[in-house]
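A structural walkthrough
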Amino acid sequence: MKKTTIVLLLVCSLSPVAAQSLAECIRVARENNLDMRVADLQVQRASRMEDSWFAMEKTVLSLSQDPTSGGSPDNALTLSQRFDFPTLYGARRRQLKAETQMEASRRGLVESELARDVATAYCTLLLWQHVETLLAANDTVLEAFVSTADIRLHNGETNQLELMDARRMLEENRMRLREARDAKTASTLLLQQLMNTPDPVAPDDDYQCIQPDSGEWSFSSTPQGQLAESEQLLSRHNLGVARQEMLPSLDVGLRYQCVIPGINPYDVDRSRFDGGNWMGFEVGLSFPLFYQRARRDAAKMDVDIAQSRRRQAERQADAELLIARGAVATARRTYEYYRNEGLATAREMRRLSRLEYEAGEIGYVEHVQHLASALDIELAGAKAIDTLNQAIIQLNFIKGAAGF
């Protein structure tokens with residue numbers, strides 16, 4: 001009883017959820033995927049850091065006492081603060097905003113990659129579901145073939161070779177069926193991982209569905225292009241900060257001169273200071289006399305590096321776009337063949353083989369061979385659909401399509 005309960009629980013845990021479309025799977029993945037959550041947190045962190053643009057050095061509170069002069073004016077309570085040059089705060093603010101923009105661009109790229117991966121896994125799952133259906137149907141035919149060959153052998157109507165060949169075909173088909181089910185399971189698990197859901201996904205799209213091709217392409221509008229431009233903008237603002245740091249800082253201090261009764265180690269007579277305490281201030285400038293110009297020069301080089309990376313990324317995207325368009329064109333021609341001729345040929349082969357077998361014009365062996373040929377055409381047609389879908393998904397990703 002206990003084992004039966006465990007088996008039922010496992011079956012329930014593996015039962016598929018309600019059928020979902022590709023758009024629904026992408027939506028769930030965008031909400032639940034851990035990489036997306038990390039990207040969102042990085043954007044929020046960068047946005048929160050924007051408030052640190054006015055960060056100043058620590059305020060200094062110091063107490064000084066000259067023990068050699070007792071109650072001299074050197075005894076003081078001083079409050080001092082250093083301020084950067086005013087324009088430096090504006091440069092830092094622009095720099096922090098550019099960092100937030102870069103994180104947002106990086107999030108857009110993560111989202112685009114996630115949509116591509118979900119679409120790839122989804123279409124692959126559709127393929128293996130259909131392959132499983134075809135091979136399972138063929139398994140039924142081959143089981144009957146083995147039974148018929150066994151009966152014919154016992155009746156003396158055939159030889160051992162036909163039965164051996166029937167069993168070979170059945171076993172080979174079952175191996176292919178197990179491989180298809182393993183691949184289907186792997187695609188399901190991958191889709192679950194991308195969607196960050198414990199429940200298996202049951203696609204409601206037909207295996208023959210073809211993904212739409214997105215419209216025109218502009219590198220600047222793609223997530224890759226936006227990230228490259230954000231990195232370029234950040235490098236320019238980093239250079240601006242490096243230049244502003246060469247400007248002087250402003251030092252402001254407030255000094256309260258006083259006599260501290262508890263600190264008089266040499267018992268100096270302080271009666272002459274009974275008249276009161278004194279308030280003073282100091283203002284000064286701090287010049288970076290030994291400022292390392294290497295930081296500014298390195299920032300200039302970072303600007304050149306970001307520009308070069310942006311140009312290289314665009315050239316690479318151009319090349320990938322041409323390759324992807326060629327792959328889509330080739331896959332579409334193959335798909336059109338199977339849609340217009342190949343699959344129709346397979347259906348006609350099945351129909352004629354059944355009619356000729358029922359009419360006694362061909363034997364069971366020939367009938368099964370014709371069915372196997374029709375199955376190979378159908379499997380190749382299913383693969384052609386998947387190949388076209390995968391090529392379109394990659395092309396849409398390069399174009400920076402928002403969805404699939």
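In short, a report on the structure. Computed from a predicted model, the values in this text were never measured in an experiment.

A word on the packing of aromatic side chains. By convention here, two paired aromatic rings are described through the distance between centres and the angle between planes. Under the criterion given, the structure shown has four aromatic pairs. Look at Phe54 and Tyr89: their rings are 4.8 Å apart centre to centre, the planes differ by 40 degrees, and that puts the pair in the tilted class. You can see Phe54 sitting in the loop between α3 (34-49) and β1 (60-64) and its partner Tyr89 sitting in helix α4 (residues 86-154), a full 35 residues away along the chain. Overall, Phe54 belongs to the partly exposed group, its relative accessible area being 41%. Considering the side-chain rings of Trp217 and Phe219, the 6.4 Å spacing of their centres and the 55 degrees angle between planes classify their relative orientation as tilted. By the ring-pair criterion, three or more aromatic residues cluster together here, those being Trp53, Phe54 and Tyr89. Here the guanidinium or amino end of Arg93 rests over the ring plane of Trp53, the centre of that ring lying 5.2 Å away. The ring centre of Phe397 lies 4.2 Å from the NZ or CZ of Arg116, which sits over that ring.

On to the packing of helix α2 (residues 22-32) against α3. For the pair α2 and α3, the least separation of the axes is 6 Å and the interaxial angle reads 50 degrees. In terms of their interaxial angle, α2 and α3 are classed as oblique. Where α2 abuts α3, its residues Ala29, Arg30, Glu31 and Asn32 lie against Leu34, Met36 and Arg37.

Let us now look at helix α6 (residues 223-244). Spacing of three or four residues puts side chains on the same side of an α-helix, whose turn is 3.6 residues. Taking 1.5 Å as the rise per residue, α6 with 22 residues should run 32 Å; its terminal C-alpha atoms sit 31 Å apart, in good agreement. Regarding α6, the residues found buried are Pro223, Gly225, Leu227, Ala228, Ser230, Gln232, Leu234, Ser235, His237, Leu239, Val241 and Ala242. The secondary structure elements touched by the buried residues of α6 are α4 and α7 (293-358).

Thresholds, definitions, all that
- Residues numbered from 1 in each chain as written.
- Predicted model: local features only at pLDDT ≥ 70, side-chain atom pairs only at ≥ 80, totals over all residues.
- Heavy atoms only, no water.
- Phe/Tyr/Trp six-rings, centres within 6.5 Å; stacked < 30°, edge-to-face > 60°.
- Helix = DSSP H or I, 4+ residues; strand = E, 2+ residues; numbered from the N terminus.
- Buried < 20%, exposed > 50% of the residue type's maximum accessible area, 1.4 Å probe, protein only.
- Lys NZ or Arg CZ within 6 Å of the ring centre and 35° of its normal.
- Axes fitted to C-alpha atoms, helices over the stretch in contact; angles between N-to-C directions.
- Parallel < 35°, antiparallel > 145°, perpendicular 65-115°, else oblique.
- Contact = heavy atoms within 4.5 Å.
- Expected span 1.5 Å × (residues − 1).

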